[in-house]
Amino acid sequence: QVQLQESGPGQVKPSETLSLTCTVFGGSISSGGYYWTWVRQHPGKGLEWIGYIYDSGTTYYNPSLRSRVTILIDTSKNQFSLKLSSVTAADTAMYYCARDRVWSFDYWGQGTLVTVSS
Amino acid sequence: QSALTQPASVSGSPGQSITVSCTGTSNDVGGYKFVSWYQQHPGKAPKLMIYDVSNRPSGVSNRFSGSKSGNTASLTISGLQAEDDADYYCSSYTSISTYVFGTGTKVTVL
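Anyway, here's the lowdown on the structure attached to this text. (Residues numbered from 1 in each chain as written. Chains lettered and ligands numbered in written order. Predicted model: local features only at pLDDT ≥ 70, side-chain atom pairs only at ≥ 80, totals over all residues. Heavy atoms only, no water.)

1. Quick notes on the nonpolar core
Leu4(A), Leu18(A), Trp38(A), Val69(A), Phe80(A), Leu82(A) and Tyr95(A) are the most contacted members of the largest nonpolar core, which totals 25 residues. If one sorts the elements of this core by residue count, strand S3 (residues 18-25) of chain A sits on top with four residues. Counting 23 residues, the second largest nonpolar core, distinct from the first, contains Leu4(B), Val53(B), Tyr88(B) and Val109(B). (Core = buried A, V, L, I, M, F, W, Y, C linked by side-chain atoms within 4.5 Å. Buried < 20%, exposed > 50% of the residue type's maximum accessible area, 1.4 Å probe, protein only. Helix = DSSP H or I, 4+ residues; strand = E, 2+ residues; numbered from the N terminus.)

Pasting the structure below:
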């Protein structure tokens, strides 16, 4: 059974970079056929797709966030990560990592709340 | 990319059937068979309920079904049960190799 777990700081200061890691358990991140995805949800709001990465390193990002987002993969640690630069209060959200089984998200982490505040 | 349009709320009594719509464009819903639906209970992560328009993952009740016509996809829940009370989101692959989610629908079991 595949499990995903997000980790990282729960609070980030404005203008700094948000950094989160997702560790995949129960399967290899480089087994092929899957994309590894980040999704966020602002408090009380809907889901927003951030971007995904393939084990080759190929990435696609939400156009509205593209200038600030970087998703990386570390196959040796079975992890992928999210970096979001120049954060503001508008980036306060629950951040989820998920597995994209092409073309849907079948496994999700439990989510981690990140608050942008000084 | 704009969020797909869903009704804010849909309600029904136990045992009834309800349908949640998800409207996009020819660049997403209308252009691909890659529409999926997610159920989210408060404080929980989303759960995949339907993929590729109308397919159910193993373990998902056959009371859930999906369809698509043109730029609009639909999720139908038949035999509504108390546990179906949740938020539901659609998602579609897009023409620029990204994904877009719907605005979300609160399903209330009366």
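2. Thoughts on the interface of chain A and chain B
Facing the 22 residues of chain A at the interface are 19 residues of chain B. In total, chain A and chain B occlude about 1,800 Å² of area from one another, counting both sides; carbon and sulfur atoms represent 64% of this. Area buried by chain A at its contact with chain B is led by Leu47(A), Trp103(A) and Phe105(A), which between them contribute 37% of it. Taken together, the links from chain A to chain B amount to zero salt bridges. At the junction of chain A with chain B, the criterion picks out eight residue pairs in polar contact (both at pLDDT 80 or more). Ranked by residue count, the leading element in the side of chain A that touches chain B is strand S5 (residues 47-54) of chain A, at four residues. The residue inventory of the side of chain A that touches chain B, partitioned by class, reads 11 nonpolar, six polar and five charged. (Contact = heavy atoms within 4.5 Å. Buried area = accessible area lost by both parts, 1.4 Å probe. Salt bridge = Lys/Arg side-chain N within 4 Å of Asp/Glu carboxyl O. Polar contact = N/O pair within 3.5 Å; in protein donor to acceptor, adjacent residues only side chain to side chain. Nonpolar A, V, L, I, M, F, W, Y, C, P; charged D, E, K, R; others polar.)

3. A closer look at the sheet that holds S3(A)
Residues and elements named next belong to chain A. The sheet built from four strands is open, its strands ordered S1-S3-S8-S7 with antiparallel pairing. Taken across any chain shown, the strands that pair with only one partner, and hence form the sheet edges, are strand S1 (3-7) and strand S7 (69-74). Taken pair by pair, the neighbouring strands of this sheet meet at an average axis angle of 20°, ignoring direction. Here S7 pairs with strand S8 (residues 79-84) via six bridges, running antiparallel. The residue of S8 that forms the bridge with Asp74 is Gln79. (Pairing = 2+ DSSP bridges. Axes fitted to C-alpha atoms, helices over the stretch in contact; angles between N-to-C directions.)

4. A few points about the state of the cysteines
Residues and elements named next belong to chain A. This structure, assessed with the given rule, holds two disulfides over all chains. Here Cys22 pairs with Cys97 through a disulfide, and the sulfurs are 2.1 Å apart. The chirality of the disulfide connecting Cys22 with Cys97 is right-handed, given an S-S dihedral of about 65°. Of the two residues, Cys22 sits in strand S3 while Cys97 sits in strand S9 (residues 93-100), which places them 75 residues apart along the sequence. By relative accessible area, which is 0% here, Cys22 ends up buried. (Disulfide = S-S within 2.5 Å.)

5. Some thoughts on the side chain of Asn78(A)
Residues and elements named next belong to chain A. Note on placement: Asn78 falls in the loop between S7 and S8. A relative accessible area of 15% means that Asn78 is categorised as buried. Polar side-chain contacts of Asn78 include one of 2.9 Å to the backbone oxygen of Val24. In contact with Asn78, not counting residues within four places along its chain, are Cys22, Thr23, Val24, Gly27, Ser28 and Ile29.

6. Notes on the sheet that holds strand S6 (residues 72-77) of chain B
Sheet strands pair by backbone hydrogen bonding; their relative direction is either parallel or antiparallel. Residue and element names in this part refer to chain B. Reading across from one edge, S2-S6-S5 is the order of the three strands in this open sheet, with antiparallel pairing throughout. Either end of the sheet is taken by a strand with one partner, and the two such strands are strand S2 (18-23) and strand S5 (64-69). For this sheet, the mean inter-axis angle between neighbouring strands, taken without regard to orientation, is 20°. The pairing of S2 with S6 spans six bridges and is antiparallel. Counterpart to Val20 in the pairing with S6 is Leu75.

7. A closer look at the pattern of salt bridges
Tallied over the full model, the rule gives six salt bridges over all chains. As a salt-bridge pair, Arg99(A) and Asp106(A) come within 2.6 Å of each other at their nearest N and O atoms. Arg99(A) gets classed as buried once you look at its relative accessible area, which sits at 9%. Here Asp84(B) ties to Arg63(B) by a salt bridge, and the two come within 2.7 Å at their closest N and O atoms. On the criterion of sequence distance, the pair formed by Asp84(B) in the loop between S6 and strand S7 (86-93) and Arg63(B) in the loop between strand S4 (47-50) and S5 is long-range, its members being 21 residues apart. Here Asp84(B) falls in the buried class, since its relative accessible area comes to 1%. Connected through salt bridges with shared partners, the residues Arg40(A), Glu48(A), Arg68(A) and Asp91(A) form a single ionic network.

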